[in-house]
Amino acid sequence: MNTSRTRLLAAGATCVTVVLWASAFVSIRSAGDAYSPGALALGRLLAGGLVLGVLCAVRREGWPPRAAWRGIAMSGVLWFGFYMVVLNWGEQQVDAGTAALVVNTGPLLIALLGARLLGDAMPPRLLAGMAVSFAGAVTVGLSMSGGGGSSVLGVVLCLLAAVAYAGGVVAQKPALSRASALQATTFGCLIGAMCCLPFLGQLLHQAADAPIAATLNMVYLGVFPTALAFTTWAYALARTTASRMGATTYAVPALVVLMSWLALGEVPGVLTLAGGVLCLAGVAVSRSRSRNRAERAADPAPQPEQVP
C-alpha cells in the first residue's frame, strides 16, 4: 500500500479512536449511576465482544498466530479487563479533576515503557508535545477539581488504571506485527470479558432494575468506544510507535470538555478551555515531523519496505 495512503488511513483511525474514547466518558457518567464498576465493565466487554466476534466470523479472520497470543493475553487482562474495572471504581472515589490528573500519567508511562522495552525513539518534538499536553491535562484537572472529594483509595485506583493502560498498550504492540488489528482487539476483548465474569451476578441483578438509558449507554460503550475504537487504535498502533500513539490520547480531555458542553450543558470555564487548547497543541507538536525528516519522506529514492 502507498506510504502516504497508509499514513492517512492511520491518522483517520487515530481520530476515530480519540473521538469515541472521549464520548465514552459522557456515557460512563450515565451508565455508572445504575451499574457498579465491575458490572459496567463486563456488560461493555460482552457487547463489544459480540460485535467483534461477528465481524471476525464475517471476515473469516480465524485464530491469531501462536506468537501473538502472549501480547494479546496480556493486553486483554491488563487493558480490557483490569483497567476498565479499576477506572470505573476509581472515578467513583475521586472527583473528575483528580481522576483526569492521575489517569493522564498513562501516556507518559507508555513513552517510558516503549523506550525501555520496545526501543521506541524519543525525539525532542514528541517529548515537548507530551510535556505541553500534560500541562494542559493538569490545567483541565485543576479546573474540574472544585468541590469534589478525593480519597487515597480513589487515587491509587486511578494510578493502577494508568499503569494497566500503559502495560496493555506496550504488550499489544509486538502482537500487532503477527496478528491483525481485528484479531488482537477481538481476542483481547474476550479475554477481558472472561476476567470480569465474577461480576456476572451483579450485571444480571442490576440490569433488571436499571433505566433503559443506562443500559443503552452500556451497550454504546461496548459497540463504539470498545469494538470500533479499540480496533482503529490497534490498526494505527501497528503503523507507528506506542509512544506516539499514547501522546495522541492527550486530545481526549479537550474533546471531553467539548462534548460535556454540547451534550450535558456543562459550560467550561476559561481555565478549562485553556487546558483543552494546550492538550490539542501538545498533540499537534508530538505528531509533527521535523523539516529534515519530512524532506527525507518526500525523497523519491527507494526506501526499505516496512512491515505494516
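The notes below deal with the structure included here.

Rules and cut-offs
- Residues numbered from 1 in each chain as written.
- Predicted model: local features only at pLDDT ≥ 70, side-chain atom pairs only at ≥ 80, totals over all residues.
- Heavy atoms only, no water.
- Helix = DSSP H or I, 4+ residues; strand = E, 2+ residues; numbered from the N terminus.
- Buried < 20%, exposed > 50% of the residue type's maximum accessible area, 1.4 Å probe, protein only.
- Areas by Shrake-Rupley, 256 points an atom, 1.4 Å probe, with all protein chains shown as cover.
- Core = buried A, V, L, I, M, F, W, Y, C linked by side-chain atoms within 4.5 Å.
- Contact = heavy atoms within 4.5 Å.
- Axes fitted to C-alpha atoms, helices over the stretch in contact; angles between N-to-C directions.
- Parallel < 35°, antiparallel > 145°, perpendicular 65-115°, else oblique.
- Left-handed = near helix turned anticlockwise from the far one by under 90°.
- Nonpolar A, V, L, I, M, F, W, Y, C, P; charged D, E, K, R; others polar.
- Patch = residues over 30% accessible without salt bridge, like charges linked within 9 Å, V, L, I, M, F, W, Y side chains within 5 Å.
- Salt bridge = Lys/Arg side-chain N within 4 Å of Asp/Glu carboxyl O.
- Phe/Tyr/Trp six-rings, centres within 6.5 Å; stacked < 30°, edge-to-face > 60°.

### Observations regarding the overall build of the chain
- In terms of helices and strands, the chain carries 14 helices and zero strands.
- Moving toward the C terminus, one meets the helices and strands of the chain in the order α-α-α-α-α-α-α-α-α-α-α-α-α-α.
- Buried residues in the chain amount to 48% of all 308 residues.
- Surface summary for the chain: the accessible area is close to 14,600 Å², and the carbon and sulfur share equals 68%.

### Examining unusual backbone geometry
- Residues other than glycine seldom take positive phi values, yet Arg60 does so here, at roughly 55°.
- Mapped onto the elements, Arg60 comes out in the loop between helix H2 (37-59) and helix H3 (69-93).
- Taking relative accessible area as the criterion, Arg60 reaches 77% and is therefore assigned exposed.

### Considerations on the nonpolar core
- Judged by nonpolar contacts, the single largest core of 75 residues is most densely connected at Tyr35, Ile72, Trp79, Tyr83, Val169 and Trp233.
- In terms of residues, this core owes the most to one element, helix H10 (residues 212-237), which gives 10 residues.
- Look past the residues within four positions of Tyr83 in its chain and what remains in contact with it is Leu78, Ala161, Ala164 and Tyr165.

### Some remarks on the packing of helix H8 (residues 181-195) against H10
- It is at 8 Å that the axes of H8 and H10 come closest, and there the two elements cross at 135°. In terms of their interaxial angle, H8 and H10 are classed as oblique. For the element pair H8 and H10, the recorded crossing hand is right-handed. Across from Ala181, Leu182, Thr185 and Cys189 in H8, the residues of H10 making contact are Thr226, Ala227, Phe230, Thr231, Ala234 and Tyr235.
- Among the residues making up the contact of H8 with H10, the classes are represented as seven nonpolar, three polar and no charged.

### Side note on the packing of H3 against H8
- H8 packs onto H3 with a crossing angle of 55° between their chain directions and a minimal axis gap of 7 Å. Accordingly, the angle class assigned to the pair H3 and H8 is oblique. Handedness of the H3/H8 crossing: right-handed. Residues Trp69, Ile72, Ala73, Gly76, Val77, Phe80 and Gly81 of H3 form the contact with H8, whose participating residues are Ala184, Thr185, Phe187, Gly188, Cys189, Ile191, Gly192 and Cys195.
- Classifying every residue of the contact of H3 with H8 by side-chain character gives 10 nonpolar, five polar and no charged.

### Some points on a nonpolar patch on the surface
- Together, Leu46, Met194, Leu197, Leu200 and Leu204 make up an exposed nonpolar region whose accessible area comes to about 480 Å².
- Tracing the sequence through the fold places Leu197 in the loop between H8 and helix H9 (200-209).
- Judged by relative accessible area, which is 43%, Leu197 ranks as partly exposed.

### Looking at the packing of aromatic side chains
- Considering all chains together, one arrives at 13 aromatic pairs under this definition.
- Measuring from centroid to centroid gives 6.1 Å for Trp63 and Trp69, while their planes differ by 40°, and the two rings are tilted.
- When the centroid spacing of 5.2 Å and the interplanar angle of 35° are considered together, the rings of Trp63 and Phe187 count as tilted. Linking Trp63 in the loop between H2 and H3 with Phe187 in helix H8, this pair joins segments that are 124 residues apart in sequence.
- In this structure Trp63 comes out as exposed when scored by relative accessible area, which is 67%.

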